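Each chain, letter by letter, is given below.
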Number of protein chains: 2
Amino acid sequence: MKKFNTSPLSGMQELLPTEQAVFDQLKQNISDVYHHYGFLNIETPIIERTDILLAKAGGDTEKQIYMVNKTDESADSADQALRFDHTVPLARYVVEHNNDLAFPFQVTQINRNFRGERAQRGRFREFYQCDADIIGREKLPIAYDAKVISCIYDALKTFNLPKMVIRISNRKVLAGFLSALGLSDKSAEISSIIDHAEKVPAEKSKGALYELGLNDEQVNKVYDFMFTKGSYTEVENSLRNILGDLAPIQDGLDELKEVTNILAASKTDNFVIDLMIIRGLDYYTGTVFETMLEDYREIGSIASGGRYDNLASNFTDQKFPGVGGSIGLTRLFFILREYNLLNMETGNPVDYVILPLSPNEFEDSFELAHKLRDQGKTVDVDLTDRKLGDRFNRAGKIADYAVVIGSNEVISQKYIAKNLKTGDTIEL
Amino acid sequence: MKKFNTSPLSGMQELLPTEQAVFDQLKQNISDVYHHYGFLNIETPIIERTDILLAKAGGDTEKQIYMVNKTDESADSADQALRFDHTVPLARYVVEHNNDLAFPFQVTQINRNFRGERAQRGRFREFYQCDADIIGREKLPIAYDAKVISCIYDALKTFNLPKMVIRISNRKVLAGFLSALGLSDKSAEISSIIDHAEKVPAEKSKGALYELGLNDEQVNKVYDFMFTKGSYTEVENSLRNILGDLAPIQDGLDELKEVTNILAASKTDNFVIDLMIIRGLDYYTGTVFETMLEDYREIGSIASGGRYDNLASNFTDQKFPGVGGSIGLTRLFFILREYNLLNMETGNPVDYVILPLSPNEFEDSFELAHKLRDQGKTVDVDLTDRKLGDRFNRAGKIADYAVVIGSNEVISQKYIAKNLKTGDTIEL
């Protein structure tokens, strides 16, 4: 017999059933919150035209993309590849179906994406992303930025994690600030330094700024800027101290103020304005946000997003401004397990296993199973003729309770469920 | 601007949000029933090693497979492809994880598979299959065949379709029958004729049997066999009339009897033994079944499955007998819509849209939204400053009710929900 490697390919998540049950529950929680916020689910194909996927991308994305081709290539097939995120397919979807959509279009996509990243522990090539986006036609009020943040935060609250903090900034504030300092032409490099500042010693960030050719005053102002955080009023005061005149950053400040006011009005707690937040992706144009676990900052962001002025600029002249956020569930699940922050014990997927002692008790077993299922319970009926000990052993691996049905139970119609962990019994 | 084709690739399903809501509900219904029966969900990667996928396959499958390769090919990557069904990855999963699984392993997979079939209306290259399988180690009682059938049938019942009928046969009956007639060497060809008999005139099937070289008696017996159907007793009597001696088919008959007895005991109605059922795939070895809509037989099977003696014979010497069934949801959804058998009107994904008249009412709107969400409702808060008529228009496209909140409502704390279809109002 040929020897096969039956392990999943490197970079693919594959869980045992009890682990999968925990993962599925988290995914369901996110989906439920998104839906409760009125987001509509869509599913775009996993395979897309390569030219659509790479219309904007480049660099790493292009290198990491999975190309697809049939063995039996037919003439009609364009260049095809697996999508690497939900945003590009969403842009295509909005352009294609815009006449049938109700704007603002609140849309969620919870599904797998694919990137052929270098294999590395905790990095996945096939991964779930749970996206929530709101797309306007021509314009979209800033209030929606707050809505996306509230929704993502409420979704994460279902995970029962240690204290979370939402860090919010606005790209327009940074842009106006750098413009006021005469540094607009170094915007990309400075953004990158701020983006990485959290992970390096403060002196190293300063050094990098000097290396860019900034003078002492510029370095100190950028340095003070990136460590500015607090309530809106606190941040406004700090920026006035640094910059003197707020006029160059007024647009961004107004947006920050509105977003934080609405978050407060919607009782979304634990947010802070933090000007160190940049979000690497270059398509964000206003609000940006990240969520962290306050006592596990080394984990980094567990959910993030922001405002983009134009979702589909590569595909159409129409303007579709949007704001969105995403939870990278596969990676998050992996990390939270590593940190023992998930209750994996809740994962027993079955409520009851019924154990008929012989085929004579099948009919009563099915009847009891139907009744329990009608009550919303998950019920497995074990139809094997193995030893009772073996059957209990199996039940203990998947279920909370076992119910033995023999001739006595059939006569009495009394059924006892045994808790497989504690040994306690209850009458059904 | 470069012109892009923004339509999804040929053979891919892409739905509008209200259609997607109906599709998602059907998928959820199937998943709920499978779980209530105690099936454990797993997800295998969409990308697998090509040698795993093609260990058994050949012919069309090999031609239709989607090969995958990264632009940036690294040395560690094996030949990779997209899975074309759930069964091959399940076999790999069971072999890989068998020490961690509780047998009989009741497992469900509800996810997308990929086949590059010839593009054709109603044929999909990316499609959902909703599989339920039960895998034994070394042996698996025949009673489990009935369990899979009951479960698939209960899942389909949630669709509220016209009357369904489950047609059941057993490959061992056919094999024993052909052996008794001395026709075992023509088994594949005769199976194929029986498999297609429903779609061609009876005379054509007879002709095909004569072409195979069968004599009058053989043709008549095979012909009578394939049109045999009814209760177990009726079928046994018919076969006794055709064959005289039941000994060559006794094993198969015993299995059929047990399966139908257990289906009756589990109150699964509307099943019939029907010896015309073959199921094309050659890995079935015992029970086979199909489900049809009685008044829409031209649709063909809407769910099917059967018993296979050895799931993973290509990957291991261990024996894993199993039984499984599958609902091909993407194709089924397409067909049921064509036949107007789905209630697409139930698809309003949002319960309430709240319309604050100005930002002054945002806070009250958020509070009401939270309360309604806590009651399990889906609530969208419209934060635009558009004309009220436009906002109602949008609400009508996605939701059942709209709630206008102005200063009066904030003072009175009385909120009126307007039914967007009937115009009726209710106080919340």
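## A look at the confidence of the model for chain A
Fine structural detail should not be taken from predicted coordinates in areas where pLDDT scores are low. Per-residue pLDDT for chain A has a mean of 93; in total, 97% of the residues score no lower than 70. Reported for the predicted complex are a pTM of 0.95 and an ipTM of 0.94.

## Topic: the pairing of strand S5 (residues 105-114) of chain A
All names here are of chain A. Burial of S5 is extensive: 10 of the 10 residues sit out of reach of the surface. Here 2 bridges tie strand S1 (residues 40-41) to S5, and the two strands are oriented parallel to one another. Counted as the bridge partner of asparagine 41 is threonine 108 from S5. Two strands pair when backbone bridges link them, and S5 and strand S6 (residues 126-135) are joined in this way by 10 bridges, in the antiparallel orientation. Following the sheet pairing, asparagine 111 is matched in S6 by glutamine 129.

## Side note on the environment of glutamate 189 of chain A
Residues and elements named next belong to chain A. Summarising the element assignment, glutamate 189 is placed in helix H7 (residues 187-196). Looking at glutamate 189, the relative accessible area reads 38%, which means it is partly exposed. As a C-alpha pair, glutamate 189 and cysteine 151 span 38 residues in sequence and 32 Å in three-dimensional space.

## A few points about the packing of aromatic side chains
By the definition in use, this model includes 30 aromatic pairs over all chains. Ring centres of phenylalanine 23 of chain A and phenylalanine 333 of chain A lie 5.2 Å apart, and the angle between their planes is 85°; on these two criteria the pair is classed as edge-to-face. Of this pair, phenylalanine 23 of chain A sits in helix H1 (residues 17-36) while phenylalanine 333 of chain A is found in helix H12 (residues 329-338), placing the two residues 310 residues apart along the sequence. The buried category is assigned to phenylalanine 23 of chain A, whose relative accessible area is 0%. Ring plane angle 25° and centroid distance 5.6 Å describe the contact between phenylalanine 103 of chain A and phenylalanine 320 of chain A, whose orientation is recorded as stacked. Pair noted here: phenylalanine 103 of chain A is in the loop between helix H4 (87-97) and S5 and phenylalanine 320 of chain A is in the loop between strand S11 (303-308) and strand S12 (322-327), with a separation of 217 residues, a long-range link. According to the relative accessible area criterion, phenylalanine 103 of chain A is buried, its value standing at 6%. We classify phenylalanine 320 of chain A as buried; its relative accessible area is 0%. The ring of tyrosine 223 of chain A carries the charged tip of lysine 206 of chain A above its face, separated from the ring centre by 4.5 Å. We note arginine 373 of chain A situated over the ring of tyrosine 37 of chain B; from NZ or CZ to the ring centre the distance is 3.7 Å.

What counts and how
- Counting from 1, residues in each chain are numbered in the order their sequence is written.
- Each chain takes a letter, starting from A, and each ligand takes a number, starting from 1, following the order in which they are written.
- In keeping with the predicted nature of the model, local features appear solely for residues at pLDDT of at least 70, side-chain atom pairs appear and are counted solely at 80 or more, and the whole-chain, interface and lining totals rest on all residues.
- With hydrogens and water excluded, all non-hydrogen atoms of the structure serve as input to the side-chain values.
- pLDDT measures the predictor's confidence residue by residue and takes values from 0 up to 100.
- Exposure categories follow from relative accessible area, calculated using a 1.4 Å probe and restricted to protein chains: below 20% of the type maximum is buried, above 50% is exposed, and the middle band is partly exposed.
- Note on conventions: DSSP H or I runs of at least 4 residues are helices, E runs of at least 2 residues are strands, and numbering of each starts at the N terminus.
- We call two strands paired when DSSP finds no fewer than two bridges between them.
- In this analysis, rings of Phe, Tyr and Trp, with Trp reduced to its six-membered ring, are considered paired at centre separations within 6.5 Å, and the interplanar angle assigns stacked below 30 degrees, edge-to-face beyond 60, and tilted for intermediate values.
- The rule is short: NZ of Lys or CZ of Arg within 6 Å of the ring centre and within 35 degrees of the ring normal puts a charge over the ring.

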